[in-house]
Each structure stands twice: as C-alpha cells, then as structure tokens.
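A look at the structure
In case you want the letters, here they are:
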Amino acid sequence: MINLYKADMRRIKSNPIFIIGCIIAFLVTFVFTKNLIGLTGSFEMMGTEGRMYFVSIAIMAFFTIFVPLYTNMEFRYGVIRNKLVAGYSQKEVYLSHLLGHFTALAIMTAVYIVAGILGGARDFGKLFGPCVIYIISICGYIAVMMLISFRITKMVIVSIFAFLVLNFNYSAIMFGNFLISFVLKGIANKIGIWIYNMSPFGQWMVWFYKMAISPEDFTNPGVPAQILISVGTTLIMMFLATAGINKRNLK
Amino acid sequence: MFRNLYADTRSILSSRIFGLAMLAVFAGQTFDFVITKVIYLVIDASISAESIAYFYPSAAGFIVTAATLFITDREFSNGCIRNKIISGVKRSDAFLSAVCGGMLQAVMYTLFACVVSIFFSSFFTLGFMAESISEIADRWLVTTMACVAIGVFSTSIVMMLGGNKISYVVGLFLAFAMKVWDNRILGKLYPEKGHCTLTGMNLAVCRFIDRYVPYSYLVARPHYDMGSYIIGCSAMVIFSVVIGLVVFNKRELK
Amino acid sequence: MEFVFKANAISKQYGKFTALSDVNMEIPKGAIYGFVGKNGAGKTTLIRVMTGLNHPTSGSYELMGKSFDDKDIAKTRRRMGAVVEAPAIYLDMTARDNLIQQCLMLGLPDFNCVDEILELIGLADTGKKKARNFSLGMRQRLGIGVALCGSPDFVVLDEPINGLDPQGIIEVREMILKLNREKGITFLISSHILDELAKVATHYGFIDKGHIVRQMTAKDLTDECRKSVRMKVSDISLLSKVMEEKSIDYKVIDSNTADIYAELTFSDVAKDFENAGCTIINMQEREESLESFYLSLLGGNEDVQKSVC
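Residues numbered from 1 in each chain as written. Chains lettered and ligands numbered in written order. Predicted model: local features only at pLDDT ≥ 70, side-chain atom pairs only at ≥ 80, totals over all residues.

The helix and strand tally for chain C stands at 11 helices and 14 strands. When the backbone C-alpha atoms are referred to their principal axes, chain C occupies close to 80 × 45 × 35 Å. Taking all 309 residues of chain C together, 37% fall into the buried category. Considering only residue pairs separated by 6 or more positions, chain C has 70% of its internal contacts joining residues 24 or more positions apart. (Helix = DSSP H or I, 4+ residues; strand = E, 2+ residues; numbered from the N terminus. Buried ≥ 20, exposed ≤ 12 C-beta atoms within 10 Å, placed from the backbone. Contact = placed C-beta atoms within 7 Å.)

For interface size, the figure often reported is the accessible area lost on association. Between chain C and chain A, the residue contacts involve 25 residues of the former and 19 residues of the latter. Contributions of two or more residues to the side of chain C that touches chain A are made by α2 (73-77), β6 (80-83) and α3 (95-106) of chain C. No other element matches the 5 residues that α3 of chain C contributes to the side of chain C that touches chain A. Split by residue class, the side of chain C that touches chain A holds 15 nonpolar, 7 polar and 3 charged. (Nonpolar A, V, L, I, M, F, W, Y, C, P; charged D, E, K, R; others polar.)

What follows concerns unusual backbone geometry. A positive phi is found at aspartate 44 of chain B, a non-glycine position, where the angle reads about 60 degrees. Locating aspartate 44 of chain B in the fold gives a position in the loop between α2 (16-42) and α3 (49-52). Despite not being glycine, aspartate 22 of chain C shows a phi value in the positive range, around 50 degrees. Residue placement: aspartate 22 of chain C occurs in strand β2 (residues 17-28). Judged by the 18 C-beta atoms lying within 10 Å of it, aspartate 22 of chain C is partly exposed.

Next up on the list: the environment of valine 67 of chain A. Residue and element names in this part refer to chain A. Looking at where valine 67 falls in the secondary structure, it is placed in helix α4 (residues 57-76). Assessed through the 27 C-beta atoms surrounding it within 10 Å, valine 67 is described here as buried. The sequence separation of valine 67 and histidine 97 amounts to 30 residues, and the corresponding C-alpha distance is 9.1 Å. Dropping the residues within four chain positions of it, valine 67 is found in contact with His101, Ile142, Met145, Met146 and Ser149.

With that settled, consider the interface of chain A and chain B. At the junction of the two partners, chain A supplies 12 residues and chain B supplies 16 residues. Breaking the side of chain A that touches chain B down by element, the ones donating at least two residues are α4 and α8 (155-183) of chain A. Element by element, the count of residues in the side of chain A that touches chain B is highest for α8 of chain A, at 9 residues.

The next point concerns the domain arrangement of chain C. As far as domains go, chain C holds domain 1 (3-222) and domain 2 (227-287). A straight line from the C-alpha centre of domain 1 of chain C to that of domain 2 of chain C covers 46 Å. (Domains from an automatic or database assignment.)

Residue and element names in this part refer to chain C. Here glutamine 140 lies in helix α5 (residues 136-148). The buried category is assigned to glutamine 140, around which 25 C-beta atoms lie within 10 Å. Along the chain, glutamine 140 and isoleucine 89 lie 51 residues apart, while their C-alpha atoms are 9.4 Å from each other. Contact partners of glutamine 140, with chain neighbours within four places excluded, come to Pro87, Pro160, Asn162, Gly163 and Leu164.

Take the packing of α2 of chain B against helix α4 (residues 55-77) of chain B next. Residue and element names in this part refer to chain B. Closest axis-to-axis distance for the α2/α4 pair is 10 Å, and the angle between their directions is 160 degrees. As far as their axial angle goes, α4 and α2 are roughly antiparallel. Regarding α2 and α4, the two cross each other, and that crossing is right-handed. Mapping the contact onto sequence places Ile17, Ala21, Ala24, Val25, Gly28, Gln29 and Asp32 in α2 and Phe55, Tyr56, Ala59, Ile63, Ala67, Phe70 and Ile71 in α4. (Axes fitted to C-alpha atoms, helices over the stretch in contact; angles between N-to-C directions. Parallel < 35°, antiparallel > 145°, perpendicular 65-115°, else oblique. Left-handed = near helix turned anticlockwise from the far one by under 90°.)

In this section: the nonpolar core. Ranked by size, the top nonpolar core spans 196 residues in total, and within it Phe63, Ile142 and Met146 of chain A together with Ile63 and Ala149 of chain B carry the most contacts. When neighbours within four sequence positions are excluded, methionine 146 of chain A is seen to be in contact with Val67, Thr71, Tyr94, His97, Leu98, His101 and Ala241 of chain A. Formed by 5 residues, the second largest nonpolar core is a distinct cluster that contains Met231, Val233, Leu239 and Ile260 of chain C. (Core = buried A, V, L, I, M, F, W, Y, C linked by C-beta atoms within 7 Å.)

Residues with a pLDDT of 70 or more make up 100% of chain B, whose mean pLDDT is 90. Mean pLDDT per element in chain B: helix α5 (residues 80-86) of chain B is the minimum at 80, and helix α11 (residues 226-250) of chain B is the maximum at 95. (pLDDT = per-residue confidence, 0-100.)

This brings us to the pairing of strand β1 (residues 3-14) of chain C. Residues and elements named next belong to chain C. In terms of strand pairing, β1 meets β2 through 8 bridges, oriented antiparallel. Within β2, the residue paired with lysine 12 across the bridge is leucine 20. With antiparallel pairing between neighbouring strands as the criterion, β1 and β2 make up a hairpin whose turn holds 2 residues, including glycine 15 at a positive phi of roughly 65 degrees. For β1 and strand β4 (residues 58-63), the ladder comprises 5 bridges, and the chain directions are antiparallel. Considered in β4, the bridge of alanine 7 is made with tyrosine 61. (Pairing = 2+ DSSP bridges.)

The periodicity of an α-helix, 3.6 residues per turn, causes residues three or four positions apart to be oriented the same way. Taking 1.5 Å as the rise per residue, α3 of chain C with 12 residues should run 16 Å; its terminal C-alpha atoms sit 17 Å apart, in good agreement. Most of α3 of chain C is tucked away: 9 of the 12 residues are buried. Among the residues of α3 of chain C, Ala95, Asn98, Leu99, Gln101, Gln102, Cys103, Leu104, Met105 and Leu106 of chain C are the ones counted as buried. Contacts from the buried residues of α3 of chain C go to α1 (2-13) and α5 (80-85) of chain A together with α4 (112-121) and α5 of chain C. Positioned one or two residues after α3 of chain C, glycine 107 of chain C has a phi angle of 75 degrees, which is positive. (Expected span 1.5 Å × (residues − 1).)

Right, let's get into the sheet that holds strand β12 (residues 250-254) of chain C. Residues and elements named next belong to chain C. Strand order in the open sheet formed by 4 strands is β12-β13-β11-β14, with antiparallel pairing between adjacent strands. Sheet topology places β12 and β14 (280-287) at the edges, where each strand pairs with a single neighbour. In this sheet, neighbouring strand axes are inclined to one another by 25 degrees on average, regardless of whether the strands run parallel or antiparallel. Examined bridge by bridge, strand β11 (residues 227-233) and β14 share 7 bridges and lie antiparallel to one another. Directly across from serine 228, in β14, lies its bridge partner arginine 286.

Attention shifts here to the sheet that holds strand β5 (residues 66-67) of chain C. Sheet architecture is open: 4 strands sit in the order β2-β1-β4-β5 (chain C), paired in antiparallel fashion. Edge positions in the sheet fall to β2 and β5 of chain C, since each has one partner strand and no second.

Residues and elements named next belong to chain B. Between helix α8 (residues 167-189) and helix α9 (residues 200-212), the shortest axis-to-axis distance is 10 Å and the interhelical angle comes to 120 degrees. Accordingly, the angle class assigned to the pair α8 and α9 is oblique. Like other packed secondary-structure pairs, α8 and α9 cross with a definite hand, here left-handed. Here Asp182, Ile185, Leu186, Lys188 and Leu189 of α8 lie close against α9, whose contacting residues are Cys206, Ile209 and Asp210. Classifying every residue of the contact of α8 with α9 gives 5 nonpolar, no polar and 3 charged.

The structure is reproduced here in structure tokens:
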C-alpha cells in the first residue's frame, strides 16, 4: 500500500487544482490576516488571529471540491483497474487515497500557517489549539467526502452529494445555533452540542465565536470531546466506506 | 428548433432525476415540517404556516442547480450532443433548447413545491398569521422567477463547460457561496439589533446584490418592488444566454 | 505442461442473466492464446474475472499456480498486466508520466524500463503531450505500455488493435511476437479480427453464450482449415486405391466424395483414374478460412455445440 500512497502523492502534488488551492490559501490568508483590503467593522475588531482563523473555513470548501474530483478520477479514467489487476484490493486503493488527502490537508495547513505568520499572526497560544482541533475535524469531513467519492462511481452524483453535505452542514449549524440557544435544555442540550460538533463547521464556529465575538461557550463540549467526535466520525466513515468493498464488482 | 425543443423536453420529463428532484422537494418539505413540529411541541406552541411554508426557497438554489447539472451533463457524458450537431441541429438551437429545459425544470419544481407547501400549510398548521394571500403569491412568484434565472444560469455553465470536470462543481459551489454570502449581506443590511452600519461602496454593493442578484431572492421575503426582481432575473437570464451562446458556438466539442 | 491460467467450472451471474457457465479453460505458459467469440459471448466477463475486477459466482481458477482465493494472490498478480476494454490511463499526464505512475504503483525500484517501453509502443516522441490529446490509437498503445510495466509474465489484451491504423496493427503484432519469443511472456488476446489473430496465436479458445465451445492449438486449426480438392467419383473404393498407391493424404466424405489434401495435376489424375476404371464426376478446390471455420463453429446457429471443454 505504501507504493500506492507514493503514487497518489506524486499525482496530488502535481494536481493543478491542489496547487491553485494552495496558492489561493496563501494569498487569501495573508491578505485577510494583514487586512490589506482595509476591512472595517467586525472584521477589524476580530484582530489578526481572529481574521486568520476566520479564513480557515475555506479549507472545508476546498476539500468539498478537491476530494470528489480527485478520487472519482479513479473511476472516470478507469485507472482503478490497473491497481486491481496489479493485485491491490479496493480497500487498499481507498486507504491510499484517504492518506493522500490527509497529507494534502497537512500541506495546505502548513501553507496557511506560514501565510498567517507572514500576515502578522503571533499569538500562537491563541491559535494553536483551535487550528489543531479544526484540522482534526476536517479529517473527519474528508472521510465523509471519501465515502461518497468511493462508493458512488458516477461523478455528477458524487458532486451533488458532496455539495449536499456541505449545504446540510451549513444549514444544520445555523439551525443548531438557534436550537441550542433557545430550545434544547438539559441532556437534550448536551446531545445537541455533541451533534453540533460533528460538523467541522460547528467546531470552527465554536472557536471562531470564542476568539472573535464572545468568550461564551454555549456550543463547546470541550477539547477532548471535540477530538473524540472528529476521530469517531473518521473511523465510522472509514468503516462505512470499506465494509464489503472488496467484494464489489466494478463496471 | 421546435423539434429539438420537443425532444429535449420529452427527455427531461421522462428522466429519472426529474422524478427524484420532485421527490426530494416533497421529502425536504416533510422533513422540515416534522422537525418544526417537534420543536414547537417542545416549546409548547402552535405552528403557523409561515414556519413551514417556505422550506423550498431555502433549498431551491441547490435543488435547481443540481437537477439541471445532472440532466444537462447527460448530453456530454453520453455524447448525445454530438449526435445532435452531426444530424444538423444548430449549436444555437441546441443551447437554447437546453436553457428552455432548465427553465421548465425550475418552474415545475417550484410549482410542485408550492402545491406541497399549501398542502402542509392547510392541513397541519393554524394557517398564515402574518401574510396576506397577495404577499404569499408574490413570494412564490419571486421564487419562481429566481429559480428560472438560476436554472438558466446553471444550464449555461454546464453547456459552456460541458465535458470538463470543473462543470460538475462550479454551479453547485456558486449556489452554496451565494447562499452564505447573501445570508451575511442580509444580516448586515437588516441587523437584528440596531441599524445598518454599512456606508459608501460596501452599502452600494450589498444593496445591489440584495436587489438584483436572484440568489438573494431565495434567502428572504420580497422587500423590493416587483420591477427590481424582474430586472434582476431578466438580467441574469440575458447575460447567461448571450455569453453562453457565444462560448458554446465557439467551443470544441469532444 | 505448465499453465499460467486454469479455470475450473467458472460461472458468473448478473441477477438472472448468466454471463459465464461452467467455463473450463487452460492457457499454457509461453502461449499466445487467441480468445474468440461473438459480441456478448462472455470474453470480457471472463477476462474481468481472471484479472480480479469481478468475482466468479461459482467455480475457481488458478493464476500461475496460485488459487484465486489464496492470500498471496496479490503477489502473483504483480506479474500480470492487462488492458481490459478501454485503456486505463491518466488523461492529464504524458505518456512517460503514465508509465512512471504505473512503475511507482508496482513498487519498482527505478524507472529504467520506461524508455524501453515507450520505444516499443512507438510513443517515445510524444514529449509533453498529455494523454487527453492522443488519438485513439495512441491511447490504445499507451494502455498496452502500461500493461507491460514491471516485466509481467502474463499479459491480457482485450481487443488490443481497436482503433489502430494498419501500420500500428503490424507494430503491435511484431511487439507481441517479439516479447513472446524473447522474454517468454504469455499473452491472452481477445479479438474479432480473426486473420490478425491467425498471424500470432499459438492456441485458440472459442467461446459462445458463456461456454467455452472449443480449445485447440494453432496446428489443429490449420489442419481443420487446410486446402483440399473435393472429388466426386463413380467408385470411392477405386479412389482410395489410387490414393493409397500414390501415398496421398485423403479423407472420405461420403459414398462417392472425398477430400484430397495434395496439389494435383488434372491430366495425371485423370489418367490414373482411367487406368483404374474410375470416372471423375466433379473436382473442386476448397480452402476453409478461419472465418468460415468460426462461423461453422459459432455462427448464428442454435445447435452450436455446448461446452466440450
């Protein structure tokens, strides 16, 4: 499988969408963090670290586009056949892609951090924790995208489902804010908070709200819980994506 | 042209995805109703029709974009567009026919959503408390116009980029990005607390988007004159068709 | 005899439709096995089962001595290359990059074979051209090149000359013969172009409606299809006597017809038969082509012989 991973990484590193994504990530993070476009009002009040953390939400949007396009290429071009003929199983192909995307996420995160530092972010104590938690939650999101991209072979349906998940995440979090603030009480509230944090958008909101708007913690289940939720989501999605996959007949 | 239009319309109406989109509209409305009902039970209140009648506008951007993407992309993924061009159909006719198909889909989905909404509002709620019939009709009319414009825009993008993998994501990404951005603009123009603090260029841009970009018509109740909505939707349709025709006529079909 | 592939009662069902039914097949090591059948006969299905893309509903097979459900089958598959249906290549990469990618995936320590394969498939001068800008023939060749990465012992080619020009067809044929001769690579080639297959194949398998109808060597096929003179005579026993005297190979068809497998001069034959007291009623030159043999074995006929093998 290590060979598959090396082959995938070679392709990811030369993929124009990934390269352009990294360039945009750098530029946008730098410009926003340094506030080169003269944003006023709430953006100005966020502070450097707040603005840097704000733009990190774009990473989620990027992987919504990148993961389906890249992974579904296996089926679009039919190159998964080469891998199966050479003796690899579909599970191994899936795992190599997943690891490849995690690596891509790490690369993009490194670019983002460098751009933020160059843009003036210096309070690493304030940033480190939220960034790490958010990146772990994106791993769970990538696992969801991989489930869709690997189980469904038709590109247009993959694309629709991927954006459905993104839309659902957004709408659910907006609705969740209302529910958790005004409706759910007691144990229902705690369950609601845990469900809220299953989405990387939810976890992002928790820390963004804390950093840039108010120190109130009404949707924060705590750091260990957030990490546990993200890891749990990743493992569940991996299981769903690989259960019985080796028996699947490819068309 | 009309023969091609008839063929395309027939193909759309008999396609599985058309039925699935209708089912998605119904399922979405039902799901929204169930969730709202549970919440209102918890807070011990009665549901007014306004709480559940407008699920479709919030999801319309995505539904219309996804459905038109799927149906229009078939032309390129199956290679059927080549058959049309080879058998003498003009490129302009093929493009316009696809765009009309996008419009038709948008109208059908919105009409169906309206019927489903009326059904749920009539039988499961206390009725409309804060909106008159003309206001309800206005809202559905504006929603229909916005969906038609979005359907045309989405179809044009797929026709212009068809066969390219980017076509799968551009329309959907734009629909999502506009939804998020419009929500933000709405929050800035009409904040819950206090008054709008935007000035100058910022204010002008936000107002323009809120007034003339059809995606923003789906986010809130109509709060401009009908003329603005007609201008906004017509402009989007005209731009999409004109640019789409130019690009599609010139592009190489693979 | 050693076999690279041995199928034992393989069946494949898709719902109610039976694509393969009790298929038994052996591909000897070092052979160029021509796999022939009508459209929808089950050639690609069997190839897909053989290459691990699909799983058989029942039955088993061995690949280079390893059973298909052996946990070490993956290592055996590394020694196999295949082009199944359309060539599987990255359209956004050059020919060289595609081969490098395949080498990386196979875990090869270096890419020294890339230049040699590019030369072999005739794509050495494509430079930075991406595969999406290749013609159909070039993509086909690149697909074959990808299958040849890692020096496989067994290569499966599903209609490899689809889309190739006459020059390309000759080049592919020469390449197959060269690799078979010099490196001992076993080939399985499925094709509809029988004349082309006849120029390379050492063994044949004929499949129809999911059954293997016949397996034979090239020599057996040549014997079935060889040139003959069909003679209709007044007395078949006298014909036999004349043929025995002249040590000429012949075959009696019915009570007054026989096929003679030799070059005959009419005047000599007429004289011999006159001396023997036998009258020649009719003489006709015959040659069964591979096509007519194929049609007689498989073509359109509901009484086609079911799995003999």
